[in-house]
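# Fold and contact review
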Amino acid sequence: MTKLLLVEDNEMNRDMLGRRLQRHGYTMCFAVDGAEGVQKAHAEMPDLILMDVALGEMDGWEATKLIKGDPQTAGIPVIALTAHAMATDREISVKAGCSEYDTKPVDMPRLLAKIQHCLNARSASPAA
Amino acid sequence: MLNFDSVSSSALLIGNASAAVLCLLWMHRNERHFAGASEADTSGSPMAELKQRHDRAVCAKRAKCEFLANMSHQLRTPMNAVIGYSEMLLEDFSASGQHSPELEKMHELGQIALSRTNDVLDLAKMEMGRLPLFVESTTLEHLAANFHEMFSLAASHSDNAFDLTLANASDPIGIDARKAGQVIRHVFSAANEVVRGGRIRARIGIAEERLACTVLAEGDASDLDTLREMFRQDSTSDKFSADRQSARLAMALSRQLSAVLGGHVALVEENNAVGFVIELPVTGATEMPPGEPNRNFIAAAY
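Residues numbered from 1 in each chain as written. Chains lettered and ligands numbered in written order. Predicted model: local features only at pLDDT ≥ 70, side-chain atom pairs only at ≥ 80, totals over all residues. Heavy atoms only, no water.

## Some points on the overall build of chain A
Across its full length, chain A holds five helices and five strands. Shown N-terminal to C-terminal, the secondary structure of chain A runs as helices and strands in the order β-α-β-α-β-α-β-α-β-α. Buried residues in chain A amount to 52% of all 128 residues. Across chain A, the fraction of contacts at a sequence separation of at least 24, relative to all contacts at a separation of at least 6, is 61%. (Helix = DSSP H or I, 4+ residues; strand = E, 2+ residues; numbered from the N terminus. Buried < 20%, exposed > 50% of the residue type's maximum accessible area, 1.4 Å probe, protein only. Contact = heavy atoms within 4.5 Å.)

Rendered as structure tokens:
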């Protein structure tokens with residue numbers, strides 16, 4: 001069963017997106033801020049991380065850098081999610097090491113396609 | 001004597017830093033004239049005062065744009081949950097073979113509210129000069145995939161008949177598809193919100209390295225006059241009634257966005273119809289960089 005880690009500080013959005021992804025067959029685990037996201041990435045070793053970037057003290061990009069900087073979790077693809085939709089968000093996401101970027105509210109078919117794309121790319125890579 | 005105080009104050013009032021810059025340039029060219037006409041100024045030279053006003057105008061504009069961007073964020077976050085939960089309920093209804101027009105309406109209105117929020121965010125980004133292009137390899141068929149359904153529904157709400165024709169829709173093109181779609185959507189919205197009980201025709205085609213879209217409206221003569229007038233008025237005009245302000249915003253956005261894309265929007269008259277022609281440059285798919293630019297991000301919605 002494919003496991004996804006959703007790092008999202010807004011309770012309603014966490015509940016809504018988590019339940020929708022569960023409906024599509026994914027096992028979900030959750031973190032409510034950047035620090036817990038990094039900790040859960042280690043503890044749960046998910047197949048993919050959905051990272052909200054606006055998370056308060058440690059933002060999603062900082063958490064992504066820590067995850068990507070650790071050899072144990074570096075291979076986990078990260079999709080950055082943001083409601084900002086500002087031009088700089090995409091550039092910062094790339095620099096932080098995110099594999100994909102998407103805006104909220106999510107377009108579910110598009111997000112599912114991106115998740116699948118990342119999972120396929122990971123399974124096809126020699127390090128997988 | 002020119003009252004530069006009122007000119008620069010007007011620039012401040014409308015938050016238009018460009019106007020303040022133009023005013024500053026004009027003052028610079030006429031510095032000698034103003035040097036002899038500054039008796040009323042007690043806090044320094046006219047140039048110094050104008051410079052101060054210009055700086056304040058720039059600060060005010062930046063603050064306004066940041067406020068709009070932050071407010072858009074604050075609105076988009078709860079809207080995300082509203083739209084997501086309504087989609088979940090729609091999925092539940094669909095799975096059990098049921099249909100809920102009220103829920104569909106709620107979802108549709110949520111999408112409209114989000115779209116308006118995004119429009120404001122785009123305006124803020126354009127004013128800040130932070131609206132980059134993301135050219136992707138696509139087709140008109142893909143770009144206009146939901147136009148027929150979306151425009152037909154909106155036209156029926158305005159009691160308008162609607163038809164759409166596409167030409168060379170499967171030709172591969174390179175364009176910022178989201179922004180091109182927005183320009184067409186805004187132009188259609190402007191026409192559809194002004195003309196009621198008429199007919200709207202849209203023709204979109206690809207030819208000679210450009211995307212051309214013509215949106216023509218037939219209907220009541222006074223509605224068509226309003227369309228003509230709306231195109232001629234600038235976006236700060238107060239001429240239009242409150243219920244047509246969104247059409248005016250749509251028109252202003254379509255013109256600004258088309259300029260960002262290197263194209264333009266023009267007024268067109270054809271037999272008994274009035275409308276708009278959009279022309280946007282496209283590149284052939286063969287001119288796209290190998291592997292498509294930023295393939296991982298081609299669907300990112302800016």
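Now that the structure is up, let's keep going.
## Some points on the pairing of strand β3 (residues 172-175) of chain B
Walk down a regular strand and you will see the side chains alternate between the two sheet faces. Residues and elements named next belong to chain B. Taken together, the four bridges between strand β1 (residues 136-139) and β3 define a ladder with antiparallel strand orientation. Paired with Thr139 across the two strands is Pro172, which belongs to β3. As defined by bridge partners, β3 adjoins strand β8 (residues 283-284) across two bridges and the pair is classed as antiparallel. The residue of β8 that forms the bridge with Gly174 is Thr283. (Pairing = 2+ DSSP bridges.)

## Side note on the sheet that holds β3 of chain B
Strand-to-strand pairing in sheets goes through backbone hydrogen bonds, with the strands running parallel or antiparallel. Taken together, three strands build an open sheet; the order of strands is β1-β3-β8 (chain B) and the sheet is antiparallel. Two strands in the sheet have a free side with no partner beyond their single neighbour: β1 and β8 of chain B.

## Quick word on the confidence of the model for chain B
All names here are of chain B. When the pLDDT values of chain B are averaged, the result is 77; 76% of them are 70 or greater. Note on residues 1-40: pLDDT is under 50 here. Beyond four places in sequence and across chains, it has 44 contacts. This stretch, residues 286-302, has a pLDDT under 50; its non-local contacts, to residues over four places away or in other chains, come to 39 contacts. Scored as a whole, the predicted complex attains pTM 0.60, and scored at its interfaces, ipTM 0.81. (pLDDT = per-residue confidence, 0-100.)

## Focus: the environment of Arg185 of chain B
All names here are of chain B. Along the chain, Arg185 turns up in helix α8 (residues 177-194). C-alpha of Arg185 to C-alpha of Phe151: the two residues are 34 residues apart in sequence and 8.2 Å apart in space. Apart from the residues lying within four places of it in its own chain, the contact partners of Arg185 are Ser115, Asp119, Met150 and Phe151.

## Examining the sheet that holds strand β5 (residues 210-218) of chain B
Residues and elements named next belong to chain B. The mixed open sheet is built from five strands, whose spatial order is β2-β4-β5-β7-β6. Edge strands, defined here as strands with exactly one partner in the open sheet, are β2 (161-167) and β6 (264-270). This sheet shows a mean twist of 15° between the axes of neighbouring strands, independent of strand direction. Bridge analysis of β5 against strand β7 (residues 273-281) gives eight bridges, and the strand direction is antiparallel. Pairing of Val215 across the sheet is with Phe276, part of β7. (Axes fitted to C-alpha atoms, helices over the stretch in contact; angles between N-to-C directions.)

## A few points about the packing of helix α5 (residues 101-127) of chain B against helix α10 (residues 245-260) of chain B
Residues and elements named next belong to chain B. Two numbers describe how α5 lies on α10: the axes approach to 11 Å, and their chain directions differ by 45°. Comparing the axis directions of α5 and α10 gives the class oblique. Viewed along their axes, α5 and α10 form a crossing whose handedness is left-handed. Of the residues in α10, those touching α5 at Arg116, Asp119, Leu123 and Met126 are Ser246, Leu249, Leu253, Gln256, Leu257 and Val260. Within the contact of α5 with α10, the residues separate by chemical class into six nonpolar, two polar and two charged. (Parallel < 35°, antiparallel > 145°, perpendicular 65-115°, else oblique. Left-handed = near helix turned anticlockwise from the far one by under 90°. Nonpolar A, V, L, I, M, F, W, Y, C, P; charged D, E, K, R; others polar.)

## What about helix α3 (residues 60-69) of chain A?
All names here are of chain A. Within α3, burial applies to Gly60, Trp61, Ala63, Thr64 and Ile67. End-on, the buried residues of α3 take up no more than an arc of 155°, which puts them together on one face. Near the N-terminus of α3, the side chain that reaches the backbone nitrogen of Trp61, with its oxygen 3.0 Å away, is that of Asp59. (Arc of directions from axis to C-beta. Polar contact = N/O pair within 3.5 Å; in protein donor to acceptor, adjacent residues only side chain to side chain.)

## Focus: α8 of chain B
Helix length check: α8 of chain B (18 residues) gives 26 Å between terminal C-alpha atoms against 26 Å at 1.5 Å per residue, within 8%. Along α8 of chain B, 17 of the 18 residues are buried, which leaves the element largely enclosed by surrounding structure. (Expected span 1.5 Å × (residues − 1).)

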